[in-house]
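# A look at the structure
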Amino acid sequence: MSYALREHTADIGVEATGETISDAFAAVADGMAAAMCDDIPAGGTRFALDVRAESREALLFDYLDELIYQRDVRAVLPVENEASVREDGDGWHLNGSARGVPLADLSAREVKAVTYSEMVVEEADDGWRAHVVFDV
Amino acid sequence: MKTYTAGDVTLERVREYVWEIPREGKMGTPARVLASERLLSQISEDKTLQQLRNATQLPGVTKYAVCMPDGHQGYGFPVGGVAGIDAENGCISPGAVGYDINCGVRMMRTNLTMDDVRGHEEELVDALFDAIPSGLGGGGVVESGIDTVNEVLERGMAWALDEGYATDADLAHCEDEGVREESDPSAVSTKAKNRGKNQLGSLGSGNHFLEVQRVTDVFREEVADAYGLSEGQVVVLIHCGSRGLGHQVCTDYLRKIEKRHSGLLSKLPDRELAAAPAGSRLAEEYYAAMGAAINFAWVNRQLVMHRTREVFEDVFDRPWRTMGMELLYDVAHNIAKKETHVVRVGPEGRPVGDGEAVEREERELFVHRKGATRAFPAGHPEVPGAYLDVGQPVIIPGSMGTGSYVLRGGEASMELGFGSTAHGAGRVMSRTQAKKDYWGGDVREELEREHIYVKAQSGATVAEEAPGVYKDVDEVVRVSDALGIGDTVARTFPVCNIKG
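Residues numbered from 1 in each chain as written. Chains lettered and ligands numbered in written order. Predicted model: local features only at pLDDT ≥ 70, side-chain atom pairs only at ≥ 80, totals over all residues. Heavy atoms only, no water.

We now examine the UniProt feature "domain: Archease" (unreviewed entry) in chain A. Mapped onto the present numbering, the UniProt feature "domain: Archease" (unreviewed entry) falls at residues 3–136 of chain A. Secondary structure within residues 3–136 of chain A divides into 26% helix and 46% strand; the distance between the first and last C-alpha atoms comes to 18 Å. (UniProt positions renumbered as here; feature names shortened; annotations may be inferred. Helix = DSSP H or I, 4+ residues; strand = E, 2+ residues; numbered from the N terminus.)

Here it is as structure tokens:
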């Protein structure tokens, strides 16, 4: 799984790929962390997340929104993201975790919010691809 | 007729600096760009024009969707975009307000001159940087609980007044006197309040900043007198918004609207334009929650200004009142508001674009301004009493190296842009490209050679905000003045700047 930061006039795009949809989601989350901080230090403790939504795109939106929320209330940057995504009876479900690096230990810029603008979540020949624009 | 083509969009020149994308296909009205040819060529380099065209598909859009001279691509709705949408039969769109609700600018006057400040610049920038929370996790001036947040959301700057952080004069010189009456804290989620309670009185990061400036030029003496501005005077500019609380309000309502009004959403070209039909429960809830976030942002900027007064007291060793540190004006640039405007009405009595109009009527609209400044002219009833005879102050920040402007609302603003003008210089370069082209240390040194002292949480932020990533603010203001949507009053130049 991997990510790349993509250009956008005012905001910032993250393009991510993974062998599975779970890998692709976690890679977008790592890309979001990279959009906030160039050099991520060691340290911090892991915390868990549980997110449900009505579609794949909505799940990705809500997952990233939850990470932003956790960042602000825990005062940590969520990095080394892990995600397990599956479709169940009434929609889509993600179990995940992230290592929360205390914001006091790093120099970071703020991603304000996740957007649906130009969002892509699609299965490709060699895995999954996702693209998200963040408001910064 | 002169035309300008960019990709799949062709604009017709209506007159100097006014370009129109004629109505076609699913567009509800034409769209207009207010720009010189040079600015138009920059505006057309990204997806601004496509986003502007998309905005005309929002139900109830009247006259035309407008892009200001500093416009650039945003998400869903362009930054620099203005849309007046029928408040009875139209809709309200959180994406057309933006995530940073009531991101805005305030300018504080002082009676200091550069002679008073010279030699203190580095002490001042260090003291401001230490005293004013900025960056991620920087906390706030007030560490509050949910009860305090609720009071702020309900009462806006009246709360700050009661707590000793503001004066009566501060309220009198703020847009809407620092409170959106139609706000409802219960429409704001606990999640949003949790994000806000540790950020009350903080700059944030990105393009937000506090800048000490000197007035270099006065262009309209009579208006400058009314604003209390004169050449050589030192002023302070504060640019920030509603922080995580406002971002969460936008996110929450975007998702609620997506779930409850999926029928409307399926007809729109971009999910970020998700809109609640006027009169629906969600439209009312969003309007009330947005109003609460607007109040939060006003208090946020007030607390930053309060702390700035304290810093000046320390550095210059005298009470802030003796330094004349009074609020000139606070103006929002990411906002939707019910306002009455004259619009064209079609045969069925509904507001329409110019082409189908049979008469003109006053209508209540949700005026969406995303990266655009309200710019009401002299005599408009919503202009504060102190400025009623000269027009509402408009503050247009430029970049760290090029200076900023104070304008006044122009006579043509009501007709051309629902009482609006530009909000800044507008980016031309992505942050990714900026970091390739600039190094923060070099930018800072270059600015210091110009006697501009910058202190930021990270070098990357300085690179991303380098003067070269912005449009020419002089050109943006020149077009605004020439069109009569915002008349130039004074120009300021940076002395020192702190960034998150």
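Quick look at the side chain of His239(B) now. Residues and elements named next belong to chain B. Among the structural elements, His 239 can be located in strand S10 (residues 233–240). Polar side-chain contacts of His 239 include one of 3.2 Å to the backbone oxygen of Asn 207. Residues in contact with His 239, not counting those within four places in the same chain, are Cys 103, Gly 104, Val 105, Leu 203, Asn 207, His 208, Phe 209 and His 333. (Polar contact = N/O pair within 3.5 Å; in protein donor to acceptor, adjacent residues only side chain to side chain. Contact = heavy atoms within 4.5 Å.)

What follows deals with the sheet that holds strand S5 (residues 65–75) of chain B. Residue and element names in this part refer to chain B. Across the sheet, which stays open at both edges, the eight strands sit in the order S1-S2-S3-S4-S5-S6-S14-S13 with mixed pairing between neighbours. This sheet does not close on itself; its edge strands, each paired only once, are strand S1 (3–6) and strand S13 (334–345). With direction set aside, neighbouring strand axes in the sheet form an average angle of 40°. By the bridge criterion, four bridges tie S1 to strand S2 (residues 9–15) in an arrangement that is antiparallel. (Pairing = 2+ DSSP bridges. Axes fitted to C-alpha atoms, helices over the stretch in contact; angles between N-to-C directions.)

Averaged over every residue, the pLDDT of chain B is 95; residues scoring 70 or more account for 98%. For this predicted complex, the interface score ipTM comes out at 0.97, while the overall pTM is 0.97. (pLDDT = per-residue confidence, 0-100.)

Summarizing the sequence annotation, UniProt attributes the feature "binding site: Mn(2+) 1" (unreviewed entry) to Asp100(B) and His208(B) in the numbering used throughout. Spatial clustering of the annotated residues is evident: they stretch over 109 residues in sequence, but the largest pairwise C-alpha distance comes to 11.2 Å. Take Asp100(B): it is sitting in the loop between strand S7 (91–92) and strand S8 (104–113). Ignoring sequence-local partners within four residues, the contact set of Asp100(B) consists of Lys112(A), His208(B), Gly241(B), Ser242(B), Arg243(B), His247(B) and Asn334(B). Looking at Asp100(B), its side chain comes within polar contact range of the side chain of His208(B), at 3.4 Å.

What follows covers helix H4 (residues 121–131) of chain B. Within H4(B), burial applies to Glu121(B), Leu124(B), Val125(B), Leu128(B), Phe129(B) and Ala131(B). Buried residues in H4(B) make contact with helix H3 (114–117), strand S9 (209–218), helix H12 (281–316), strand S19 (453–456) and strand S20 (486–499) of chain B. (Buried < 20%, exposed > 50% of the residue type's maximum accessible area, 1.4 Å probe, protein only.)

Moving on to the environment of Ala34(A). Residue and element names in this part refer to chain A. By the element assignment, Ala 34 lies in helix H1 (residues 21–36). It is 26 Å that separates the C-alpha atoms of Ala 34 and Trp 92, two residues lying 58 residues apart in sequence. Every residue in contact with Ala 34, bar those within four places of it in the chain, is listed here: Tyr 3, Leu 5 and Arg 109.

This part is about the pattern of salt bridges. Considering all chains together, one arrives at 54 salt bridges over all chains under this definition. For Lys435(B), the salt bridge identified is with Asp38(A), shortest N-O distance 3.7 Å. Of this pair, Lys435(B) sits in helix H14 (residues 431–437) while Asp38(A) is found in the loop between H1 and strand S3 (45–53), placing the two residues in two different chains. Note on Lys435(B): relative accessible area 27%, which makes it partly exposed. Judged by its relative accessible area of 47%, Asp38(A) is partly exposed. One salt bridge in this structure joins Glu110(A) and Arg243(B), with 3.0 Å as the shortest N-O distance. Highlighted residues: Glu110(A) in the loop between strand S5 (91–102) and strand S6 (113–114) and Arg243(B) in helix H10 (residues 243–260), drawn from two different chains. Arg243(B) sits in the buried class, given a relative accessible area of 5%. The structure contains a network of salt bridges with shared partners spanning Asp38(A), Arg109(A), Arg427(B), Arg431(B), Lys435(B), Glu464(B) and Glu465(B). (Salt bridge = Lys/Arg side-chain N within 4 Å of Asp/Glu carboxyl O.)

In a disulfide, the sulfur atoms of two cysteines are held together by a covalent bond. Residue and element names in this part refer to chain B. For the coordinates displayed, the defined rule picks out zero disulfides over all chains. Note on Cys 67: no disulfide assigned, nearest cysteine sulfur contributed by Cys 103 at a separation of 17 Å. Owing to a relative accessible area of 0%, Cys 67 belongs among the buried residues under this scheme. (Disulfide = S-S within 2.5 Å.)

Further remarks concern unusual backbone geometry. With a phi angle near 60°, Glu118(A) is a residue other than glycine that sits in the positive phi range. For Glu118(A), a relative accessible area of 30% gives the class partly exposed. Its identity as a non-glycine residue notwithstanding, Phe418(B) has a phi of 55°, on the positive side. Secondary-structure assignment places Phe418(B) in the loop between helix H13 (413–417) and strand S18 (420–421). On the basis of relative accessible area, Phe418(B) is assigned to the buried category, the value being 1%.

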